[in-house]
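Report on the structure
These are the residues of each chain, in order.
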Amino acid sequence: MTLSTHYREVLNALGFHGRPFIDKVVEKMSEEWSDVNIFIVDAPTGYGKTALSMSIAKYSIEEEFKAVIAYPLRALLEDQLRKFKEVFEALKVREKLGVDGEVVEARYMNYFNSKYLVKPVTLTTVDMLSMMVAGVPPEDLSKVSKALTSWTSRESLGHYIFSWASSLSSNIVVDEVHLLGESGKGLGFIRFLAEAAVEFGTHLVLMSATVTDALLERSLPPDVRGGKKVKVFKFTEHVRQAGINDPFIRGRVQKRYSMTYLPIKEGEERKLIDWVAKKISDVGLNNAKVLMVFNTVKEAVRTFKLISEHPAVTHLQHFLIHSKLTGKDKEMVSCRLTSLQNAGGGYVVVATQSVEAGVDITSNILVTDISAPTALVQRFGRFLRREDEVEGEALIWWTADVNGNPRKSGCPKDPLYKVYRFEEVKSLLEFLRNARDINLHLPELPEVVKGVGYLEAFQSVECGMKEVPLNLHHHLSDILMDFDSGSRRAAELLRDLGGSFIRDASLTSVVPENLLTDNIREVLKECAVPVSAIELCRMLTEGKIKEAIMSDHRIVELKSLQMFNELLGACRRIRLCDQVSVVWAARKLTEFQTLNGVEAFITSARYVEGVGLEFL
């Protein structure tokens, strides 16, 4: 059976008819599967890339070996896992393969259902995939780290050859790959995956709504880029060929909404709610589907609390979505929101960037902080998402300085607007306010339609993309060739990079004291909250973390562990505009965790159900 056949089966299970562009992509991939190793698919949000991921996974396990579907965000993975399981169950894939256990499972922070990515289809984070590929899976990291301080034994090096084989013998799909452009490390890792796919004869599929030329140039090796081993499918080419004959394009062109721009001062989020309240009165309470997206957790939480006090909004069910919620809370919010959307009820969703990539939510009233171009496109992908939704209202706001411009923050040499590069955000805002008839649902508009698509915004704005560390993919390639002590070298590299092959700031789990129970395994799975290295260091210096959960699920005092005083000293010396001190603290944190086998930290910061850590 070809990939096209599996795709049709997946569409039937989903109850979809498919999309013309994805149909053509699948047809071409089927024809060139044996000759091409790297496929890159650029298609708008809501166009059916999830069906493509499922089809590649199903084809891989029934016709070849196995598949790994990787996501830059854990929130996206959790949203997709349920859908994958439902489709594969409906298609009776387990019975076809004669497999006793689950065919589809996940592996991410504190979720171990597919250790070493051994399941036929594993959904994982790009961070977790990078550790597996390097030969330092979290299952073995503490053992490997002990080998760094002792040269007397080799049994501590873990199952690194097995993790190499498990990951690199799989067909790999990386969804929302544009998010890796925020880190030079992420781009370097994609370059390594591309080289490995060509070298080992497997397949790498990269997908996003915003595949820019800069992303392709920096993530693909020069000797591979433009060659016969790479095939790029761009939606803009489909727009020029199909025009408004494609129902999706025609539907996106017909959507009508006004764009309002509003500068506010810090702490004036109530003005946003007042604007939403007025729009709700225009569309009617029961029909209002409101999405408010913020660049920081603090602003999102503050606004969420204000909603319960506003008489015009409090009647609607409201939800909060951000990365600092526990897995249990995220699942609860997802289930309630899905039920409400299916029932056609109104709601208000307050969220951070975690809602951008792939979370299946729609709105007819969108309120968003100004952001980077790729992020803004993803947010508008959650606005008038359904085909029958035609009219809406959108507000783009920003925290303003005294002149009404986006307010600078961060280090003077490299200023930010909250979490995005300041110059990029400022340029995008200027472009949007001067542009006429801009459509943020399509990269390019058909010739017969007035206006411009979001691709023109990308070309007019100097989009920031970190430079790729030239030696990262070389380091990873060299590690793969070292069958004697590859994982030791990988652990050293991970330590030197501050705990992540992907991100500038590594993520660590913390468990709030008020959620702690005797069932540590369940606590880690349901109640852990991911925080950055900087956030964890802040908690340590403020005395909000004094205990840790070890890999064997014991709870111990931090001060009894090796290197604690050294770690605390490094945390206290952090200066956010001094990159050396930040990297040093992240490195010490990685050393401390891996050397002692720390699975998670316990924090005295109180967790509020549905809201998150009060500390944050």
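The structure contained in this document is the topic of the report that follows.

Some remarks on the sheet that holds strand 8 (residues 256-264)
Within a sheet, adjacent strands bond to each other through the backbone by hydrogen bonds, running parallel or antiparallel. In spatial order, the strands read 8-13-12-9-11-10; together these 6 strands make up an open sheet with parallel pairing. Every interior strand has two partners, whereas the edge strands, strand 8 and strand 10 (317-321), have only one. Each adjacent strand pair in this sheet contributes to an overall mean axis angle of 15°, direction not counted. In terms of strand pairing, strand 12 (residues 365-369) meets strand 13 (residues 391-399) through 5 bridges, oriented parallel. Residue D369 lies in a different strand from strand 13, and its bridge partner there is W397. In the packing of helix 14 (residues 297-307) onto the sheet, the strands contacted are strand 9 (289-293), strand 10, strand 11 (347-351), strand 12 and strand 13, and the crossing angle to strand 10 comes to about 165°.

Digging into the environment of G186
Of note, G186 is situated in helix 9 (residues 184-200). Leave out the neighbours within four places in its chain, and G186 touches L180, F501 and I502.

Points about the packing of helix 22 (residues 533-541) against helix 24 (residues 579-596)
At a minimum axis separation of 10 Å, helix 22 and helix 24 run at an interaxial angle of 80°. Relative to helix 24, helix 22 is oriented roughly perpendicular. Contacts between helix 22 and helix 24 pair A533, I534, L536 and C537 from the former with V582, A585, A586 and L589 from the latter. Class assignment for the residues of the contact of helix 22 with helix 24 results in 8 nonpolar, no polar and no charged.

Description of the state of the cysteines
All told, the structure shown has 1 disulfide when counted by the stated rule. Note that C411 is cross-linked by a disulfide to C577, the S-S spacing being 2.5 Å. Between C411 and C577 the sulfur-sulfur dihedral comes to about -110°; the bridge is accordingly left-handed. Here C411, found in strand 14 (residues 409-411), pairs with C577, found in the loop between helix 23 (564-572) and helix 24; they are 166 residues apart in sequence, far enough to count as distant. Residue class for C577 comes out exposed when judged on its relative accessible area of 51%. C335 provides the cysteine sulfur closest to C527, a residue in no disulfide bond, and the two sulfurs are 16 Å apart.

Overview of the pattern of salt bridges
Applying the stated criterion across every chain, the model contains 33 salt bridges. Two residues, K85 and E105, come together in a salt bridge whose shortest N-O distance is 3.0 Å. Of this pair, K85 sits in helix 4 (residues 74-90) while E105 sits in strand 3 (residues 104-107), and the two are 20 residues apart along the sequence. Note on E105: relative accessible area 6%, which makes it buried. Put simply, R489 and D482 hold a salt bridge, and the shortest N to O gap is 3.4 Å. Exposure remark for R489: the relative accessible area of 33% places this residue in the partly exposed category. Taken together, the shared-partner salt bridges in this structure form one network comprising R495, D496, E566, R587, K588 and E591.

Things to note about the side chain of S581
By the secondary structure assignment, S581 is in helix 24. Residue S581 is classed as buried on the basis of its relative accessible area, which comes to 11%. A distance of 2.9 Å separates a polar atom in the side chain of S581 from the backbone nitrogen of R575. Aside from chain neighbours lying at most four places away, what touches S581 is R573, I574 and R575.

Rules used throughout
- Residues numbered from 1 in each chain as written.
- Predicted model: local features only at pLDDT ≥ 70, side-chain atom pairs only at ≥ 80, totals over all residues.
- Heavy atoms only, no water.
- Pairing = 2+ DSSP bridges.
- Helix = DSSP H or I, 4+ residues; strand = E, 2+ residues; numbered from the N terminus.
- Axes fitted to C-alpha atoms, helices over the stretch in contact; angles between N-to-C directions.
- Contact = heavy atoms within 4.5 Å.
- Parallel < 35°, antiparallel > 145°, perpendicular 65-115°, else oblique.
- Nonpolar A, V, L, I, M, F, W, Y, C, P; charged D, E, K, R; others polar.
- Disulfide = S-S within 2.5 Å.
- Buried < 20%, exposed > 50% of the residue type's maximum accessible area, 1.4 Å probe, protein only.
- Salt bridge = Lys/Arg side-chain N within 4 Å of Asp/Glu carboxyl O.
- Polar contact = N/O pair within 3.5 Å; in protein donor to acceptor, adjacent residues only side chain to side chain.

Read these as layout, nothing more, since geometry by itself doesn't imply function.
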